[in-house]
Amino acid sequence: MKDKVIAIDELSNIVKDSMTIMVSGFMGCGSPHKIIEKLVELDVKHLTLICNDTGLPQYGVGHMVANKQFDCIIASHIGLNREAVRQLNSNETKFELIPQGTIAERIRCCGAGLGGVLTPTGIGTVVAEGKDIIEVDGQQYLLEKPLKADVAIIGAGVVDKRGNVCYNGSTRNFGPVMATAADIVIVEAAQIVEIGEIKPENVVTPHIFVDYIIDGGR
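All chains use their own residue numbering, which begins from 1 and follows the written sequence. Residue-level local features of this predicted model are given only where pLDDT is at least 70; pairs of side-chain atoms are given and counted only at 80 or more, and the full residue set underlies all totals for whole chains, interfaces and linings. As a rule here, side-chain values cover all heavy atoms of the structure and leave hydrogens and water aside.

Peer 1: I keep staring at the sheet that holds strand β7 (residues 139-144) and nothing clicks. Help me out?
Peer 2: Pairing between two strands requires that DSSP report at least two bridges joining them. Helix numbering and strand numbering both begin at the N terminus, where a helix is a DSSP run of H or I of at least 4 residues and a strand a DSSP run of E of at least 2. Taken in spatial order, the three strands line up as β5-β7-β6 in an open sheet, and their pairing is antiparallel. Sheet topology places β5 (117-119) and β6 (133-136) at the edges, where each strand pairs with a single neighbour. Averaged over all pairs of adjacent strands, the angle between their axes in this sheet comes to 40°, without regard to strand direction. In this sheet, β7 lies alongside β6 in antiparallel orientation, the contact comprising four bridges. Counterpart to valine 136 in the pairing with β7 is glutamine 139. All axes here are fitted lines through C-alpha atoms, helices being fitted over the stretch that makes contact, and every angle between N-to-C directions spans 0 to 180 degrees.

Peer 1: What's the story with the nonpolar core in this structure? I'm lost.
Peer 2: One broad rule of soluble globular proteins: the nonpolar side chains tend to lie buried together. Only buried residues count toward a nonpolar core, which is a set of Ala, Val, Leu, Ile, Met, Phe, Trp, Tyr and Cys residues joined through side-chain atoms within 4.5 Å. The buried label applies to any residue whose accessible area, calculated with a 1.4 Å probe on protein chains only, is under 20% of its type's maximum; exposed applies above 50%, and partly exposed to all values in between. Judged by nonpolar contacts, the single largest core of 28 residues is most densely connected at Val15, Ile21, Leu49, Val61, Met64, Phe70 and Ile186. The element best represented in this core is helix α1 (residues 33-42), accounting for four residues. Whether two residues are in contact is decided by their heavy atoms: any pair within 4.5 Å suffices. Beyond its immediate stretch of four places on either side in the chain, isoleucine 21 contacts Val15, Leu47, Thr48, Leu49, Ile50, Met64, Phe70, Ala149, Val151 and Ile153. In this structure, Ile74, Ala149, Tyr167 and Val210 belong to the second largest nonpolar core, which totals 25 residues.

Peer 1: Sorry, what's going on with helix α3 (residues 82-89) here?
Peer 2: Helical periodicity: at 3.6 residues per turn, an α-helix aligns residues three or four positions apart in one direction. Among all positions of α3, only Glu83, Ala84 and Gln87 are buried. The arc that holds the buried residues of α3, viewed along the axis, is 100°, so those residues lie on one side. Projecting away from the buried face of α3 at angles above 90 degrees are the exposed residues Arg82 and Asn89. Against the buried residues of α3 lie α2 (62-66) and β4 (94-97). Near the N-terminus of α3, the side chain that reaches the backbone nitrogen of glutamate 83, with its oxygen 3.0 Å away, is that of asparagine 81. At the C-terminal side of α3, asparagine 91 shows a positive phi close to 60°. To obtain the arc, one takes the directions from the helix axis to the C-beta atoms. Two N or O atoms count as a polar contact when they lie within 3.5 Å, although within protein this holds only if one can serve as hydrogen donor and the other as acceptor, and sequence-adjacent residues are included solely when both atoms are side-chain atoms.

Peer 1: Looking at this structure, how should I read a nonpolar patch on the surface?
Peer 2: Where nonpolar side chains cluster on the molecular surface, the patch consists of Leu56, Tyr59 and Leu80 and spans about 260 Å² of accessible area. Mapped onto the elements of the fold, leucine 80 is located in the loop between β3 (70-75) and α3. Note on leucine 80: relative accessible area 46%, which makes it partly exposed. Candidates for patches are residues over 30% relative accessible area with no salt bridge; among them, like charges are joined within 9 Å and nonpolar side chains (Val, Leu, Ile, Met, Phe, Trp, Tyr) within 5 Å. In this description, accessible areas are obtained by the Shrake-Rupley approach with a 1.4 Å probe, and a residue is regarded as covered only by the protein chains that are shown. Whenever Lys or Arg places a side-chain nitrogen within 4 Å of a carboxyl oxygen from Asp or Glu, that contact is recorded as a salt bridge.

Peer 1: Would you explain the pairing of β4 in this entry?
Peer 2: On a regular strand, each side chain points to the face opposite its neighbour's, so the side chains alternate between the two faces of the sheet. Looking at chain direction, β3 and β4 are connected through four bridges and run parallel. Bridge pairing in β4 places isoleucine 74 opposite glutamate 96. In this fold, the crossover linking β3 to β4 by way of α3 has right-handed handedness. Handedness of a crossover: with both strands directed away from the viewer, a clockwise path from the first strand across the helix to the second marks it as right-handed.

Peer 1: Where do I start with the side chain of aspartate 160 in this structure?
Peer 2: Within the fold, aspartate 160 resides in strand β8 (residues 149-160). Arginine 162 provides the closest opposite charge to the buried, salt-bridge-free aspartate 160, at an N-O distance of 6.8 Å. Within the structure, the side chain of aspartate 160 is placed 3.0 Å from the side chain of asparagine 164, a separation counted as a polar contact. Apart from the residues within four sequence positions on either side, aspartate 160 is in contact with Val193, Glu194, Ile195, Gly196, Ile198 and Ile213. Asp and Glu are treated as the negative residues and Lys and Arg as the positive ones, with His and the ends of the chain left uncounted.

Peer 1: Where do I start with the side chain of serine 24 in this structure?
Peer 2: The topology assignment puts serine 24 in the loop between β1 (20-23) and α1. Within the local environment of serine 24, its side chain forms a polar contact with the backbone oxygen of glycine 30, the two atoms lying 2.9 Å apart. Within the structure, serine 24 has its side chain in polar contact with the backbone nitrogen of glycine 155 (distance 3.0 Å). Discounting chain neighbours no more than four positions away, the residues touching serine 24 are Gly30, Ser31, Pro32, Ile153, Ile154, Gly155, Asn173, Phe174, Gly175 and Met178.

Peer 1: So what exactly am I meant to see when it comes to the pattern of salt bridges here?
Peer 2: In the structure shown here, the tally under the stated rule is 12 salt bridges. Among the salt bridges present, the one from lysine 68 reaches glutamate 92, with a minimum N-O distance of 3.6 Å. Of this pair, lysine 68 sits in the loop between α2 and β3 while glutamate 92 sits in the loop between α3 and β4, and the two are 24 residues apart along the sequence. Taking the relative accessible area as the measure of exposure, lysine 68 reaches 46% and is therefore partly exposed. We note a salt bridge from arginine 86 to glutamate 92, for which the minimum N-O separation is 2.6 Å. One continuous salt-bridge network, built from bridges that share partners, spans Lys68, Glu83, Arg86 and Glu92.

Right, dumping it as structure tokens:
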């Protein structure tokens with residue numbers, strides 16, 4: 001069995017300039033903070049970020065935003081990060097703002113092998129510009145296509161050495177869908193346990209989706 005637990009310094013061999021990365025979290029809750037700090041240190045650049053939001057200034061993925069590591073940010077909300085708003089208004093960074101439910105479904109579509117999702121959200125607004133509109137039973141829907149990443153970086157609670165993941169409460173948020181929608185999945189574990197210590201019914205992300213585990217214990 002492959003040893004999935006790696007040292008955080010090995011991130012330099014995995015996350016490279018110009019990659020598309022997904023980062024879990026909801027305003028920093030459930031974000032892989034230790035990995036984010038390391039990526040700031042490594043100063044990887046020209047990334048595309050797929051994330052629910054841009055966190056807070058100097059907190060969570062917001063630290064990478066302030067370090068200007070992203071050329072493009074795909075998110076549902078940036079309003080709590082003044083630096084992200086400044087980059088948007090100054091055209092320093094390209095932004096694609098997507099309704100929250102839509103971004104979750106677009107990620108899920110990738111993991112499920114679907115060609116897209118039909119949603120009425122955004123019809124008649126700027127969200128619909130340039131997108132296909134499909135009519136079903138007299139109702140108009142936008143065709144929203146899948147979102148995929150080179151690397152997904154996910155915060156988790158308890159993870160066994162095989163890569164089975166259990167999340168703590170609301171830290172779960174985008175982790176499970178992101179784990180299915182990237183070529184490489186790295187999980188930051190608050191606690192790493194032996195195989196078999198997590199009850200099967202508590203496993204949310206099965207080990208098959210996880211490539212690497214990093215000890216996030218402080």
